Amino acid sequence: MGETSVRYFIRECAHESFSGLGTAAVCEEDRLITVVLFTERDDKAVWEQRVQEISKWMEAKLRIEVKTGHGGCTKEIGDLGLMYMRSMMSLGFNEITRKERGDSFPPIIKALLKYVHNEYANEAANLSDFAQQFQVNANYLSNLFHQEMGLTYTQYLTQIRLTEAKRWLRETNLKVYEVCIRVGYKDPAYFSRIFKTFVGMAPGDYRTVEHS
């Protein structure tokens, strides 16, 4: 995908393919293509079929392996960030793969990662507080974190919180609102909405499935 003409061709083909299902917004960066589809149709089977078709086409034309990740569907545009994060995790952009190259992280990013893991349960675990503590420009740190991790700080913090929430739901009998508080959220309704967007089911349903 190195040449500009090739990248443009791929982007246009992806746009044309998904536009048949609704209004498609296509972005490409390095070897990643992101498609956001605005549609009134709720047909996951048709969407997945289209993904597979264009993936096979790209593999045949470019002779490279193509991996796909699906972020899910939502009626709230504010959930797009979580859906993007969910699709990135399904592609393998998660904490485990990043740890494998942890030695390459700048010291400030290593310190921030430690901060996230220690403070995720604190509602005020925000990047600006960390930046002030270490006397680093918050915008610079935010951009650096995104560059190194492939996720924004907020997306990464949400990933940690919901991963821990899944663990609490699997391993304990705590009420959903208790799990909510333990992972840094005050509003159980908001927590449940984020959890469902991220995981694909409500916290109570997730616990039932895991214990079945």
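Refer to the structure above for everything that follows.
Residues numbered from 1 in each chain as written. Predicted model: local features only at pLDDT ≥ 70, side-chain atom pairs only at ≥ 80, totals over all residues. Heavy atoms only, no water.

For this particular structure, what's the right way to read the layout of surface pockets?
The gaps left among the atoms become clear once a water-sized probe is rolled over them. Within this model, the second largest pocket holds a volume of roughly 170 Å³. Within the residue set of the lining of the second largest pocket, elements represented by two or more residues are helix 3 (80–90), helix 8 (153–171) and helix 10 (188–199). Considering every element that reaches the lining of the second largest pocket, the biggest residue donor is helix 8, with four residues. Within the lining of the second largest pocket, the residues separate by chemical class into four nonpolar, five polar and three charged. (1 Å grid on protein atoms, 1.4 Å probe; cavity = no way out; pocket = protein on both sides within 12 Å on 5 of 7 lines; lining within 4 Å. Points joined across faces, edges and corners; volume = space filled by probe spheres on them. Helix = DSSP H or I, 4+ residues; strand = E, 2+ residues; numbered from the N terminus. Nonpolar A, V, L, I, M, F, W, Y, C, P; charged D, E, K, R; others polar.)

Looking at this structure, how should I read the pattern of salt bridges?
For side chains bearing opposite charge, pairing can occur when the charged atoms are close. Across all of its chains, the model carries four salt bridges by this definition. Between Glu164 and Arg167 there is a salt bridge whose closest N-O contact spans 2.8 Å. In this pair, Glu164 and Arg167 are both assigned in helix 8, three residues apart and thus about one turn of the helix distant. Judged by relative accessible area, Arg167 falls into the partly exposed class, the value being 28%. When the shortest N-O distance is used, the salt bridge between Glu171 and Arg167 registers 3.7 Å. Of the two residues, Glu171 and Arg167 are both situated in helix 8; the distance of four residues between them amounts to about one turn of the helix. Overlapping salt bridges, with partners in common, bring together Glu164, Arg167 and Glu171 in one network. (Salt bridge = Lys/Arg side-chain N within 4 Å of Asp/Glu carboxyl O. Buried < 20%, exposed > 50% of the residue type's maximum accessible area, 1.4 Å probe, protein only.)

Mind showing me how you'd approach the packing of aromatic side chains here?
In this description, a pair of aromatic rings is defined by centroid distance and the angle of the planes. For the coordinates displayed, the defined rule picks out 10 aromatic pairs. When the ring of Phe191 is compared with that of Phe195, the centres are 5.8 Å apart and the planes differ by 55°; the resulting orientation is tilted. One end of the pair, Phe191, and the other, Phe195, are both in helix 10, four residues apart, so they sit about a helical turn from each other. Across this residue pair, the class does not change: Phe191 and Phe195 are buried. (Phe/Tyr/Trp six-rings, centres within 6.5 Å; stacked < 30°, edge-to-face > 60°.)

Mind showing me how you'd approach the packing of helix 8 against helix 10 here?
Each pair of packed helices can be summarised by the angle the axes make with each other and by the distance between the axes. In the contact formed by helix 8 and helix 10, the axes pass within 11 Å of each other and the chain directions differ by 95°. One element, helix 8, and the other, helix 10, form an angle in the roughly perpendicular class. Together, Thr158, Gln159, Leu162, Ala165, Lys166 and Leu169 of helix 8 and Phe191, Ile194, Phe195, Phe198 and Val199 of helix 10 make up the contact between the two elements. When its residues are assigned to classes, the contact of helix 8 with helix 10 shows eight nonpolar, two polar and one charged. (Axes fitted to C-alpha atoms, helices over the stretch in contact; angles between N-to-C directions. Parallel < 35°, antiparallel > 145°, perpendicular 65-115°, else oblique. Contact = heavy atoms within 4.5 Å.)

Would you take a moment to explain the environment of Val66 for this structure?
Structurally, Val66 can be placed in the loop between helix 2 (44–62) and helix 3. It is 5.9 Å that separates the C-alpha atoms of Val66 and Ser55, two residues lying 11 residues apart in sequence.

Explain unusual backbone geometry here, please?
Leaving glycine aside, a negative phi is the common case for residues, and trans is the common case for peptide bonds. A positive phi angle, near 55°, is found at Gln135, a position not held by glycine. The residue Gln135 is located in the loop between helix 6 (127–133) and helix 7 (138–149) in this model. On the basis of relative accessibility, which here comes to 75%, the residue Gln135 falls in the exposed class.

What's the story with helix 1 (residues 4–19) in this structure? I'm lost.
Each α-helix turn comprises 3.6 residues. Residues three or four places apart therefore point the same way. Here helix 1 spans 22 Å end to end across 16 residues, near enough to the 22 Å set by a 1.5 Å rise per residue. Elements that come into contact with the buried residues of helix 1 comprise strand 1 (23–29), strand 2 (32–38) and helix 2. (Expected span 1.5 Å × (residues − 1).)

Where do I start with helix 2 in this structure?
In a regular helix each residue adds 1.5 Å, so 19 residues correspond to 27 Å; helix 2 covers 27 Å between its end C-alpha atoms and thus fits that length. Regarding helix 2, the residues found buried are Trp47, Arg50, Val51, Ile54, Ser55 and Met58. Buried residues in helix 2, looked at end-on, bunch into an arc of 130°, giving them a common side. Among the exposed residues of helix 2, those oriented more than 90 degrees off its buried face are Ala45, Lys56 and Ala60. Close packing links the buried residues of helix 2 with helix 1 and strand 2. Once helix 2 finishes, Arg63 follows within two positions and takes phi at roughly 55°, a positive value. (Arc of directions from axis to C-beta.)

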